[in-house]
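In case you want the letters, here they are:
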Amino acid sequence: MKDRIFGVLQRVGRSFMLPIAVLPVAGLLLGIGSSFTNATTIQTYGLERILGDKTMLNALLVIMAKAGNVVFDNLPIIFAVGVAIGMAKAEKEVAALSAMIAFFVMHVSINAVLTITGKILPDGTVAPGVLDGTIASVCGIQTLQMGVFGGIIVGLGVAALHNRYHKIALPNAISFFGGSRFVPIISTVAYVGVGMVMYFIWPVVQNAIFALGGLVTGTGYAGTLIFGIIKRALIPFGLHHVFYMPFWQTAVGGTMMVDGNLIQGGQNIFFAQLASPDVIHFSADATRYFSGEFIFMIFGLPGAALAMYRSAKPEKRKAAGGLLLSAALASMLTGITEPIEFSFLFVAPMLFAVQVILAGSAYMIAHILNIAVGLTFSGGFLDLLIFGILQGNEKTSWMRIIPVGIIYFLLYYFIFSFLIKRFDLKTPGREDEDEETKLYTKADVNARKSAGAAGVAGPAGAAGPAGGENGGNGDKDALSMDIARGLGGKRNITSVDCCATRLRCSVDSPALVDERLLKATGAVGVIKKGQGIQVIYGPNVTVIKSNLEQYLAQAPDEALEEDAESCQEKHIICSPFNGKAASITEAPDEAFSSKAMGDGYMVIPADGQVLAPEDGEVLFVFPSKHAIGLKTGDGMEYLLHIGVDTVKLDGKGFETFVKDGQKVKKGQKLMEFDLEYIRANAASEACMAVFTGLTEGREIHMVKTGEVRALDEIGWY
């Protein structure tokens, strides 16, 4: 259940990335346009002759500001279409059109009910007595103020209808309306009903959202600290987009009247104030959800990079320095932190814990100091320049970032330096002698060469993976082929998407995913959670994703002959035991560890329960009950052996629940044993699974070791 929830959240999070991706350019247009058409700014810098009223540049800047503003004014429909595209599994263009239609239908239906009930007058005005802020104009329709939640409701619902009905077959008489044509039809009908239901439900939901927003803002600085810690802690799981988006775009992040309009969400409030000529100082309560990022992205993480550089071995310092400098510059200029964060996350998690706490506190300190600098995407210098420096210190208090940033630079530097040396952490430049110093993985250059072209420079300065000249050309795209194989083969991949730095995929069988092969394609890291797989490449991931999608669409199954064969041959292995899994070579008995009886794996059991790891047949139960021979559905024979030298116990401490020739189902109890008795009376309690029917050249590949639960996927052959 936990993995399924993670998978759904991952899909929702990546579906947000398409509408979120347009915000930086919209913010830049609005920021530059509003800054240099503001009379106060023009007077401050003495630019009346160049940018004053009726000049050509003023007209251009007004157009830029309006172009940027229209995106923020219409975020609900943008989210509706973007989320539908992100959540749809196929024929995404149909989902997009259906979402746009459903969005209009829902809001027109709400408008009709509001008119019928007298809350909107025949002339289109809001009736007296209706609470301010509950009704708003959305794409010219007077409807309930739902904000981006309205778009998300449409996007998720339409995507669910699309995924279910886009291949529906209707009777011959109406077959023209089947398949993808049925999706906009069912969406229209469904969202007439949704609109009517929302009239009754949304006011309750809206009050709850306002109450939640009041609770968040009411917690003051402590709430800001908690927000910052949670947001940074979710980075490794790729769920931070799901977490922060409501604070940025909905009433959960607060509400404010700006120029007579009720604005919801921290980022929306900032940009509404940015477009207003009457704001004296931007709201730090609104920017509390992002202003602190400038402190640790521009100053703090570069301090960590310097600490890692100074802690590197002398002979590796030069190599580490170039990589860390590039990663630090990526963080400072663009606010993209994955290259530097993941350079220590996987080798030294305690450093990431420090980063989470320091970064969380930066949000709180910015709030305390009334720093109100907005951003479009991330807290790098570019956003600081446009939304802080150009807006003036009077409006933003941006100059306070500098002394605080210097303090954070020193904190990161000294804390990281101490921990790296005290615990001998293997940060870049401190690897073992036979390991190469890289932020990206070892085979990124080879992967680039195999793609047949020069790589795309990643933010860390290392050559990242790229499609190359042949990128996206079906089976000629060697890099995409390697990624597909790493994800378990074309047939194993169910969806492909990406966020700012990660390839986000869903697979049928996680056990088929080969992390080693994926890292050989230039990935910084691989995160597996249930059927959701995140492969971290860096900012050039959008090119990788496009090439992979094109490759999967064009390459027939035969073009992946080796891949298809591999997928057909791979047989997933599940654990029959709870405990700690390891390779058979670690078994405490040479008869097993030498693989004399066959390849397999071992588990140090946590209890005395043995479950059938898959459907099959019991070949035999030893008279001493210490071992059971089984056969899988495809004919593979294997042995489950409990303990070492347990045959001497003559059945004492064992109870079996199956017999020779019996058919068993996955999860069925095969045996129970007295773990404490075996520990006391046998050479070892280690349990072995030995595959006696493996043909020459085949072996067991472990994909999960350490703590496992019974029926967890732990390997394949």
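In the block above lies the structure referred to throughout.
The structure presented is a predicted model; accordingly, all values stated were derived computationally and were not measured. (Residues numbered from 1 in each chain as written. Predicted model: local features only at pLDDT ≥ 70, side-chain atom pairs only at ≥ 80, totals over all residues. Heavy atoms only, no water.)

**Q** So, the nonpolar core: which residues are in play, and what are the values?
**A** In this structure, Phe79, Val154, Tyr412 and Phe416 are the most contacted members of the largest nonpolar core, which totals 109 residues. Among the elements that make up this core, the one with the highest residue count is helix H14 (residues 293-311) (eleven residues). Excluding anything up to four places from it in sequence, Phe416 contacts Ala304, Ala307, Phe344, Leu351 and Val354. With 33 residues, the next largest nonpolar core counts Ala581, Leu675, Leu694 and Tyr717 among its residues. (Core = buried A, V, L, I, M, F, W, Y, C linked by side-chain atoms within 4.5 Å. Buried < 20%, exposed > 50% of the residue type's maximum accessible area, 1.4 Å probe, protein only. Helix = DSSP H or I, 4+ residues; strand = E, 2+ residues; numbered from the N terminus. Contact = heavy atoms within 4.5 Å.)

**Q** Help me get a handle on helix H16 (residues 338-345), residues and values and all.
**A** Note: α-helices contain 3.6 residues per turn, so residues at a spacing of three or four share the same orientation. Counting buried residues along H16, eight of its eight residues qualify, which places the element largely inside the surrounding structure. Along H16, the residues classified as buried are Glu338, Pro339, Ile340, Glu341, Phe342, Ser343, Phe344 and Leu345.

**Q** So what's going on with the sheet that holds strand E22 (residues 713-716)? Which residues, and what values?
**A** One open sheet holds the three strands; their spatial order is E9-E22-E20, and the pairing between them is antiparallel. Each having just a single partner strand, strand E9 (572-574) and strand E20 (701-702) make up the two edges of the open sheet. Taken together, the two bridges between E20 and E22 define a ladder with antiparallel strand orientation. Bridge pairing in E22 links Met702 to Gly715. (Pairing = 2+ DSSP bridges.)

**Q** Break down the pairing of strand E8 (residues 532-536) for me, citing the residues and quoting the values.
**A** In terms of burial, E8 is largely enclosed, as five of its five residues are buried. Burial of the side chains of E8 extends over both faces: Gly532, Gln534 and Ile536 are buried on one face and Ile533 and Val535 on the other. Taken together, the five bridges between strand E6 (residues 502-507) and E8 define a ladder with antiparallel strand orientation. Within E8, the residue paired with Cys505 across the bridge is Ile533. In this sheet, E8 lies alongside strand E7 (residues 525-529) in antiparallel orientation, the contact comprising five bridges. If you follow Lys529 over to E8, its bridge partner there is Gly532. In this structure, the hairpin formed by E7 and E8 is closed by a connection of two residues, where Gly530 is found at a positive phi of approximately 60°.

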